[in-house]
Amino acid sequence: MATRELRRRRRTWIGEAWDSNVGKKLAVALTGIVLVGYVVLHMIGNLTALLGAGEAATGGAQIDDYGHWLREFGTPLLPAETFLWAVRIFLLASLVVHVVGVYQLTMRNRAARPAGFPAKRIGRSWSARTMRLTGPLLLAFIVFHILHFTLLAVDVTPLAHGEIYSNVYGAFQKWYFVVLYLAAVAALGYHLRHGVWSLFQTLGLDTPARNAYLRHGSTALAVFVVVGFWMVPISFATGALPEPVTGPNAPTEVSK
């Protein structure tokens, strides 16, 4: 009985926090930190593609070794990909909480306005004005990106499990994939710039004395992420990176 009562109180506390605007904003901020951290780490991991195709005798590209390390992390204590799937589930849960929280806060703000009352026009940045557009676009792109490079379901170009360099090389020989990824990353930059700034506000870190630094820091982080992600498709598309030595997109004479 005591355990059941404790569980009921915990659910009540969590439910009450989630039902309040302050609780939702805090949940959105905390999950935002998780998602921003993942984006930065993912971008850094992608940059290992710039180390090149490697050599067939040594197993190929560094980014393939990086992907193998992620899949095998925790073995033999844990089965292969256990850690990777735990991270994916945690990120998915964070994304769901983040999206639902933002949506519900938006609906509450709209419902709180008197009928026919014009919204007060205030000076806002372009990234702030486009949040409602970039959010859904990024959500759609995340689904496509998972289907493309994680589940290998978008097989316009040859794809193979574990052959990251070859998969990415083949995809970015198609101009439309390059344009799609560059545009999606640009949208991510706009979303990230305002999102990080809003995160500082929600956590109470903004003050008149440091606001300029926080805004510049948010902009710098967004630019850093955009440039980092852009470097990979641009390098493949322009031929700055060599053909793969292993995988489905490797030249036939090399793979033999």
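Above: the structure in question.
A few points on the structure. (Residues numbered from 1 in each chain as written. Predicted model: local features only at pLDDT ≥ 70, side-chain atom pairs only at ≥ 80, totals over all residues. Heavy atoms only, no water.)

This part is about the packing of aromatic side chains. Going through the model one piece at a time under the given rule, you end up with 12 aromatic pairs. Between Phe-144 and Phe-177 the ring centres are 6.3 Å apart and the planes differ by 35°, which places this aromatic pair in the tilted class. Taken together, the residues span a long stretch of sequence, with Phe-144 in helix 6 (residues 131-150) and Phe-177 in helix 8 (residues 175-202) at a distance of 33 residues. When its relative accessible area of 21% is taken as the criterion, Phe-144 is described as partly exposed. Look at Phe-177 and you get buried, because its relative accessible area is 5%. Through a chain of ring-to-ring contacts, the aromatic side chains of Phe-141, Phe-144, Phe-149, Phe-172, Trp-175, Tyr-176, Phe-177 and Tyr-181 assemble into a single cluster. (Phe/Tyr/Trp six-rings, centres within 6.5 Å; stacked < 30°, edge-to-face > 60°. Helix = DSSP H or I, 4+ residues; strand = E, 2+ residues; numbered from the N terminus. Buried < 20%, exposed > 50% of the residue type's maximum accessible area, 1.4 Å probe, protein only.)

Right, let's talk about the environment of His-145 for a bit. Position of His-145 among the secondary structure elements: in helix 6. Overall, the relative accessible area of 22% leaves His-145 in the partly exposed class. Distance in space between the C-alpha atoms of His-145 and Tyr-181 is 9.0 Å, their sequence separation being 36 residues. The residues touching His-145, leaving out its near neighbours within four places in the chain, are His-42, Thr-150 and Tyr-181. Within the structure, His-145 has its side chain in polar contact with the side chain of Tyr-181 (distance 3.1 Å). (Contact = heavy atoms within 4.5 Å. Polar contact = N/O pair within 3.5 Å; in protein donor to acceptor, adjacent residues only side chain to side chain.)

Another aspect to go through is the nonpolar core. Tyr-165, Phe-172, Val-232 and Phe-236 are the most contacted members of the largest nonpolar core, which has 19 residues in total. Those elements that place two or more of their residues in this core are helix 7 (164-171), helix 8 and helix 9 (211-237). In terms of nonpolar packing, the next biggest core, distinct from the first, is built from 16 residues, Val-39, Leu-192, Val-196 and Leu-214 among them. (Core = buried A, V, L, I, M, F, W, Y, C linked by side-chain atoms within 4.5 Å.)

For the rest of this paragraph, the subject is helix 9. For helix 9, built from 27 residues, the straight-helix expectation of 39 Å at 1.5 Å per residue is met to within 8% by its first-to-last C-alpha distance of 39 Å. Where helix 9 bends most, at Met-231, the angle is about 30°, and the proline Pro-233 comes one to four residues later. Every buried residue of helix 9 is accounted for by Leu-214, Ser-218, Ala-222, Val-225, Val-226, Gly-228, Phe-229, Val-232, Pro-233, Ser-235 and Phe-236. Those residues of helix 9 that are buried are in contact with helix 2 (21-46), helix 7 and helix 8. With its phi angle positive at about 80°, Gly-239 sits one or two positions after the end of helix 9. (Expected span 1.5 Å × (residues − 1). Bend = angle between axes of the 7 residues up to and from the residue.)

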